[in-house]
Amino acid sequence: MNSQVTPVDLAAPDRSGPDGAADFPRLADPYRHELLAHCYRMVGSLHDAEDLVQETYLRAWRGYAGFEGRSSLRTWLYRIATTVCLTALGRRARRPLPTGLGQPGSDAADPLVERAELPWLEPVPDALVGAGSGGPADPASVVTERESVRLALVAALQHLPPRQRAVLILRDVLKWRAAEVADLLDTSTAAVNSALQRARGHLAVVGPTEDGTAEPSAARQREQIDRYAAAFERKDVAGIVRLLTDDVVWEMPPYANWYRGSDQVATHLRDRCPGGPGDFWVLRTAANGQPALALYLRGPGGAYRPFLLQVLAFSGSGRISRVVNFMDVRLFAAFGLPEERPPR
């Protein structure tokens with residue numbers, strides 16, 4: 001993603017309709033996915049990002065008659081979206097993952113502590129932000145898009161003050177010039193450069209530790225995910241743990257507890273995770289440019305119903321280095337996943 005003008009930006013605006021925006025939907029709709037990705041990076045919530053994109057398009061439609069074309073339509077939409085996000089962030093707390101709460105890893109024998117009052121970070125489906133097969137045709141663009149929405153990066157961005165967050169995203173992800181960002185934020189170029197330097201320094205401290213360039217091949221990942229999913233369906237704890245790195249990180253929002261190390265994960269799966277052999281049904285999906293799994297748990301009537309959504313990160317060894325378990329079953333609908341599977 002960058003701020004270059006694309007062919008659709010050059011189409012002559014048609015403001016002949018009664019509202020002055022007759023041609024707006026045709027010209028603006030191609031940017032919906034990338035604007036959703038932008039709002040998601042800013043706020044860390046799929047549901048909030050969708051609302052903010054809707055507000056962006058409503059404001060743009062109302063103001064389209066006055067759009068003079070001094071910038072591309074794409075840039076104009078990003079200006080509106082960023083302003084909408086900054087306004088929203090002034091009223092909302094940041095969205096963390098359990099590892100971002102500043103607490104050390106838990107012991108798997110400790111009671112689970114639910115923090116339902118916290119606005120937790122949410123995953124985003126690849127299909128909605130162009131980070132999967134439906135994204136840009138250019139392979140380099142696909143890689144850039146995936147990296148820019150990776151869960152660890154979005155979680156780290158939430159530690160930045162909103163304006164620093166906006167500067168970092170606009171400069172380092174969208175490749176805007178400092179003068180463009182200064183114009184948007186009504187500040188000086190020097191202030192933008194200073195904010196960018198501070199944001200990069202802070203991100204270096206709290207930022208992602210996974211080495212994305214060291215990930216195994218796609219074929220190797222598919223093989224490992226298939227083995228991992230099959231082990232879960234058998235509730236084979238030893239089989240699951242063999243596919244994890246020794247220092248794996250395991251998170252479970254809305255629980256504040258998080259574990260480091262395969263031994264801790266094994267204890268949790270044996271002693272706290274419900275279900276037995278045959279009680280899980282696992283579907284593959286994709287979130288944040290990463291492989292993900294939807295886990296269904298068999299209920300009293302025998303039907304399998306949504307249990308949790310896992311987002312996985314891999315190490316260079318081909319083993320799983322981080323698992324974030326999102327317990328909010330409302331996410332299944334956002335990912336287009338079935339509501340249940342009948343009894344086998």
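Located above this text is the structure these notes cover.
The rules behind these values
- Residues numbered from 1 in each chain as written.
- Predicted model: local features only at pLDDT ≥ 70, side-chain atom pairs only at ≥ 80, totals over all residues.
- Heavy atoms only, no water.
- Helix = DSSP H or I, 4+ residues; strand = E, 2+ residues; numbered from the N terminus.
- Pairing = 2+ DSSP bridges.
- Axes fitted to C-alpha atoms, helices over the stretch in contact; angles between N-to-C directions.
- Parallel < 35°, antiparallel > 145°, perpendicular 65-115°, else oblique.
- Contact = heavy atoms within 4.5 Å.
- Nonpolar A, V, L, I, M, F, W, Y, C, P; charged D, E, K, R; others polar.
- Salt bridge = Lys/Arg side-chain N within 4 Å of Asp/Glu carboxyl O.
- Buried < 20%, exposed > 50% of the residue type's maximum accessible area, 1.4 Å probe, protein only.
- Phe/Tyr/Trp six-rings, centres within 6.5 Å; stacked < 30°, edge-to-face > 60°.
- Lys NZ or Arg CZ within 6 Å of the ring centre and 35° of its normal.
- Polar contact = N/O pair within 3.5 Å; in protein donor to acceptor, adjacent residues only side chain to side chain.
- Left-handed = near helix turned anticlockwise from the far one by under 90°.
- Core = buried A, V, L, I, M, F, W, Y, C linked by side-chain atoms within 4.5 Å.
- Expected span 1.5 Å × (residues − 1).
- Disulfide = S-S within 2.5 Å.

## Here's the deal with the environment of Val53
Okay, step 1: Here Val53 shows up in helix α3 (residues 46–63).
Okay, step 2: When the C-alpha positions of Val53 and His33 are compared, they lie 9.4 Å apart, and in sequence the two are 20 residues distant.

## Things to note about the sheet that holds strand β3 (residues 280–287)
Okay, step 1: What the 6 strands build is an open sheet, ordered β2-β1-β6-β5-β4-β3; its pairing is mixed. Of all strands in the sheet, those bounded by a partner on one side alone are β2 (255–260) and β3. Strand-to-strand twist of the sheet, defined as the mean angle between neighbouring strand axes without regard to direction, takes the value 20 degrees.
Okay, step 2: Pairing between strand β4 (residues 290–298) and strand β5 (residues 304–314): 7 bridges, direction antiparallel. Within the sheet, the bridge partner assigned to Leu297 lies in β5 and is Arg305.

## Quick notes on the pairing of β3
Okay, step 1: In this structure, β3 lies alongside β4, joined through 8 bridges in antiparallel fashion. In the sheet register, Ala286 faces β4, and the bridge partner there is Pro291.

## Quick notes on the packing of helix α9 (residues 178–185) against helix α10 (residues 189–206)
Each pair of packed helices can be summarised by the angle the axes make with each other and by the distance between the axes.
Okay, step 1: It is at 8 Å that the axes of α9 and α10 come closest, and there the two elements cross at 100 degrees. The pairing of α9 with α10 is recorded here as roughly perpendicular in orientation. Of α10, the residues touching α9 (which contributes Ala178, Ala179, Val181 and Ala182) are Thr189, Val192 and Asn193.
Okay, step 2: Of the residues contributing to the contact of α9 with α10, the split by class is 5 nonpolar, 2 polar and no charged.

## Digging into the pattern of salt bridges
Okay, step 1: With the rule as written, the count across this model stands at 18 salt bridges.
Okay, step 2: Of the charged contacts in the structure, one is a salt bridge between Asp328 and Arg330, with a shortest N-O distance of 2.8 Å.
Okay, step 3: Exposure remark for Arg330: the relative accessible area of 60% places this residue in the exposed category.

## Quick notes on the packing of aromatic side chains
Okay, step 1: Tallying each qualifying case throughout the model produces 10 aromatic pairs.
Okay, step 2: When the centroid spacing of 4.7 Å and the interplanar angle of 25 degrees are considered together, the rings of Phe67 and Trp76 count as stacked.
Okay, step 3: Following the ring pairs from residue to residue traces out a cluster consisting of Phe24, Tyr57, Tyr64, Phe67 and Trp76.
Okay, step 4: For Arg32, the ring lying beneath its charged end belongs to Tyr57, and the centroid distance is 4.0 Å.

## Remarks on the side chain of Thr245
Okay, step 1: Inspection of the secondary structure assignment puts Thr245 in strand β1 (residues 244–252).
Okay, step 2: Classification of Thr245 by relative accessible area gives buried; the value is 6%.
Okay, step 3: Looking at Thr245, its side chain comes within polar contact range of the main-chain nitrogen of Val248, at 3.2 Å.
Okay, step 4: Those residues in contact with Thr245 that sit more than four places away from it in its chain are Ser262, Ser315, Ser317, Arg319, Ile320 and Ser321.

## Considering the packing of helix α8 (residues 162–173) against α9
Okay, step 1: α9 packs onto α8 with a crossing angle of 145 degrees between their chain directions and a minimal axis gap of 10 Å. Seen from above, α8 lies across α9 with right-handed handedness. Across the interface between the two elements, Arg163, Val167, Leu170 and Arg171 of α8 pack against Ala178, Val181, Leu184 and Leu185 of α9.
Okay, step 2: Within the contact of α8 with α9, the residues separate by chemical class into 6 nonpolar, no polar and 2 charged.

## As for the nonpolar core
Okay, step 1: Among the nonpolar cores identified, the biggest contains 74 residues, and Trp76 and Leu77 are the most heavily contacted of them.
Okay, step 2: Ranked by residues supplied to this core, first place goes to helix α4 (residues 73–89) with 11 residues.
Okay, step 3: Ignoring anything within four residues of it in the chain, the contact list for Leu77 reads Phe24, Ala28, Tyr31, Leu35, Thr56 and Ala60.
Okay, step 4: Judged by nonpolar contacts, the second largest core, of 30 residues, contains Leu244, Val265, Leu293 and Leu308.

## What to know about the pairing of β1
Consecutive residues of a regular strand have side chains that alternate between opposite faces of the sheet.
Okay, step 1: Counting buried residues in β1 gives 7 out of 9 residues, a clear majority hidden from the surface.
Okay, step 2: With 4 bridges joining them, β1 and strand β6 (residues 320–326) adopt parallel strand pairing. Along β6, the bridge assignment pairs Glu251 with Val324.

## Notes on α3
Okay, step 1: Taking 1.5 Å of rise per residue, 18 residues should cover 26 Å, and α3 covers 26 Å from first to last C-alpha, within 8% of that figure.
Okay, step 2: In this structure, the buried side of α3 is in contact with α1 (24–28), α2 (32–43), α4, α5 (126–129) and α14 (331–334).
Okay, step 3: The N-cap residue of α3 is Ser45: its side-chain oxygen and the backbone nitrogen of His47 are 3.4 Å apart.

## What about the environment of Val173?
Okay, step 1: Positionally, Val173 belongs in helix α8.
Okay, step 2: Along the primary structure Val173 and Ser148 are separated by 25 residues, whereas in three dimensions their C-alpha atoms are 6.8 Å apart.

## So, the state of the cysteines
Okay, step 1: A complete count under the given rule lists 0 disulfides for this structure.
Okay, step 2: You can see Cys39 has no disulfide; the closest cysteine sulfur is in Cys85, sitting 3.5 Å from it.
Okay, step 3: On the basis of relative accessibility, which here comes to 0%, the residue Cys85 falls in the buried class.

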